[in-house]
Every structure is written in structure tokens, then in C-alpha cells.
Amino acid sequence: MENQAIIVVDYGLGNVRSIVNAFSFIGAQCLLCSDPRLIRGARGVVLPGVGSFNEGMRNLKVRRLVDPLLEYAAGGGMMLGICLGMQLLFQEGHEFGRTPGLGLIGGSVVALPIRPEQNLRRIHVTWNSIRQCRPHAWDGTILCDVPDGSDVYFVHSYIGVPEAPNTVLAATLYGDLEFCSAVRYRNVFGTQFHPEKSGRTGLSILRAFCRLAAGASCGHPRTGDAG
């Protein structure tokens, strides 16, 4: 069953209406749903979320969405995880014990490793900049139209720690702590920040995602895939 919409997965966590509104603002056909049939046939799939890792995975399982999401990604469908949605892409989360994730990105989700002497809040709530870890790393990705060092909006206290360095798409400094703020493995992307709350920069990311989901090129495509 195929459709031309970007599907925003509704699994009961977070204010997802702002994401739907952002896609509508840029002229994209977007649908908020939890229908596995529509997810399997979507042009692109966005996994949003605000909350805890274990609750997120529990809700996906209760709604029987784990297999459709895995099948969609395995079939080459363009997927974007946002905030908790990015974290759920990882193999496991360490919030309130260990919980297996979707396993699309190798690595774990852990609390921000803040030391007392750093004098930092344990919740990173602010505009902050993202940077490329390698030259041309953003070519042909959802960040293809984003200038290096652009500011985006974060609200989180946990971070994904990828096993493979080349799955790190962007990094961010919080005080002297550097963490992974965006990931990519082939057709699967994730942002720890909220594109839908990041002004023009965030809208450019969603536009690039739509172009990639439609099979169009974005920026200057690299040779081969990350990972």
C-alpha cells in the first residue's frame, strides 16, 4: 500500500502537532497516524517523541509499530527520528534500567555525563550550534542546506552514543562536553534537537528530508553511504 505522504508516527508521546504543522508550512503532504499499513507504504517516516526511552519503546510495542518501522527502514524507506525518536533508533537505552531499542543505529542512549565541577544543568534546554565532524559530512543528507555552526533548539537530558564514529552526522558542545546531536546510517537519520522548533534552519532540514524521501538529490551527494 503506497502513499505520497510523510507519516509522523503517533504513538502517544510528545506534542507532535508542531511537527505536522512544520511540514504543512513547507508545503509537504503530512499525516499523523499509527496505522502500520500506511507506515509501510509511506514516502517518508518521522518518529518523534518527548519522554523516557522505556515508555517510548513500550508504546511502540503496544501499538504494534516496531515491526512496521523496522521493515520500512530495511526496505530503504527514508526515516527521521527526532529527540526521543532519535534515541529509540539506538540498540538500547539506559533510562530507568536497560531497554532494547529499535537497533537501527549501533550504540546506547545514556544520561548526559555531567560532572559536578562543570556547573551545568542536567537538562540541556537551549539553542545551541551543530557542527560537522568530517569535511563534507552533510553533503547529500538532511543537513545539506545547513551552514556549519548553525543554531538549533534542544530539550533533553539523555544522548545517543553511536558505536561507529561515521554514523555521527553532527556534534554539539554543552560547556566542555561534546555529544552527538545528529546521526545517519544509510537511509535512517536522527536529530537530538527539534527541527520543527529551530526556525528557518529547522525548516531547511525538513525540506531536505522531503526531497530525499522523494528520491531527489540534496546538496552534493557523497560517494557511498555512511556506515
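See the structure printed just above.
Cut-off values and rules
Residues numbered from 1 in each chain as written. Predicted model: local features only at pLDDT ≥ 70, side-chain atom pairs only at ≥ 80, totals over all residues. Heavy atoms only, no water. Helix = DSSP H or I, 4+ residues; strand = E, 2+ residues; numbered from the N terminus. Polar contact = N/O pair within 3.5 Å; in protein donor to acceptor, adjacent residues only side chain to side chain. Contact = heavy atoms within 4.5 Å. Salt bridge = Lys/Arg side-chain N within 4 Å of Asp/Glu carboxyl O. Buried < 20%, exposed > 50% of the residue type's maximum accessible area, 1.4 Å probe, protein only. Pairing = 2+ DSSP bridges. Axes fitted to C-alpha atoms, helices over the stretch in contact; angles between N-to-C directions. Disulfide = S-S within 2.5 Å. Phe/Tyr/Trp six-rings, centres within 6.5 Å; stacked < 30°, edge-to-face > 60°.

**Student:** Explain the side chain of serine 204 to me, please; I cannot follow it from the model alone.
**Tutor:** Along the chain, serine 204 falls in helix α6 (residues 199-213). Among the polar contacts made by the side chain of serine 204, one reaches the main-chain carbonyl oxygen of threonine 201 at a distance of 2.6 Å. Ignoring sequence-local partners within four residues, the contact set of serine 204 consists of Ile142, Asp145 and Val146.

**Student:** How do you make sense of the pattern of salt bridges when you look at a structure like this?
**Tutor:** Pairing is possible between side chains that carry opposite charge, provided their charged atoms lie close to one another. Scanning all chains against the criterion turns up 7 salt bridges. Arginine 37 is the partner of aspartate 35 in a salt bridge, and the nearest nitrogen-oxygen pair spans 3.0 Å. Of the residues examined, arginine 37 reaches a relative accessible area of 54% and is grouped as exposed. Close ionic contact of aspartate 176 with arginine 115 constitutes a salt bridge, the shortest N to O distance being 3.8 Å. With aspartate 176 in the loop between β11 (168-174) and β12 (177-185) and arginine 115 in the loop between β7 (105-111) and β8 (124-129), the pair connects residues that are 61 residues apart, well separated along the chain. In this structure aspartate 176 comes out as exposed when scored by relative accessible area, which is 56%. Ionic contacts of the salt-bridge type, sharing partners, join the residues Arg115, Glu117 and Asp176 into one network.

**Student:** Is there a simple way to explain the sheet that holds strand β10 (residues 158-162) in this structure?
**Tutor:** Two strands in a sheet stick together by hydrogen bonds in their backbones, pointing the same way (parallel) or opposite ways (antiparallel). With mixed pairing, the 4 strands of this open sheet are ordered in space as β6-β5-β7-β10. Strands at the two margins of the open sheet, each flanked by one partner only, are β6 (99-100) and β10. Bridge analysis of strand β5 (residues 90-93) against β6 gives 2 bridges, and the strand direction is antiparallel. Bridge pairing links glycine 93 to threonine 99 in β6.

**Student:** What is the right way to look at unusual backbone geometry in this model?
**Tutor:** Phi is mostly negative for residues that are not glycine, and the peptide bonds are mostly trans. The phi dihedral of cysteine 83 is positive, around 60°, even though this residue is not glycine. With respect to the helices and strands, cysteine 83 occurs in the loop between β4 (78-82) and α5 (84-87). Cysteine 83 sits in the buried class, given a relative accessible area of 5%. Phi at phenylalanine 96 takes a positive value of approximately 60°, unusual for a residue other than glycine. Looking at where phenylalanine 96 falls in the secondary structure, it is placed in the loop between β5 and β6. Judged by its relative accessible area of 67%, phenylalanine 96 falls in the exposed class.

**Student:** Hey, could you run me through the sheet that holds strand β3 (residues 44-47) in this one?
**Tutor:** As summarised here, the arrangement of the 7 strands in space is β2-β1-β3-β4-β13-β12-β11, forming an open sheet in which the pairing is mixed. Lying at the two open borders of the sheet, with one neighbouring strand each, are β2 (30-33) and β11. Pairwise comparison of adjacent strand axes, ignoring direction, gives a mean angle of 20° for this sheet. By the bridge criterion, 4 bridges tie β12 to strand β13 (residues 188-191) in an arrangement that is antiparallel. Counted as the bridge partner of valine 183 is glycine 190 from β13. Strand contacts of α6: β1 (6-9), β3, β4 and β13, with the helix running at about 155° to β4, the strand carrying the most contacts.

**Student:** Any chance you could explain the state of the cysteines here in plain terms?
**Tutor:** Any covalent bond linking the sulfur atoms of two cysteines counts as a disulfide. In total, this model carries 0 disulfides according to the counting rule given. Lacking any disulfide linkage, cysteine 30 is separated from the closest cysteine sulfur, that of cysteine 210, by 8.0 Å. Cysteine 30 sits in the buried class, given a relative accessible area of 17%. The thiol sulfur of cysteine 83 is not disulfide-bonded, and the nearest other cysteine sulfur, from cysteine 180, lies at 13 Å.

**Student:** I would appreciate a short explanation of the packing of aromatic side chains in the present structure.
**Tutor:** For any two aromatic rings, the description comes down to two numbers: the centre-to-centre distance and the angle of the planes. The full count for this structure, using the stated rule, is 4 aromatic pairs. Here phenylalanine 154 and phenylalanine 193 contribute two aromatic rings whose centre-to-centre distance is 5.8 Å and whose plane-to-plane angle is 70°, an arrangement assigned as edge-to-face. With phenylalanine 154 in strand β9 (residues 151-156) and phenylalanine 193 in the loop between β13 and α6, the pair connects residues that are 39 residues apart, well separated along the chain. When its relative accessible area of 0% is taken as the criterion, phenylalanine 154 is described as buried.

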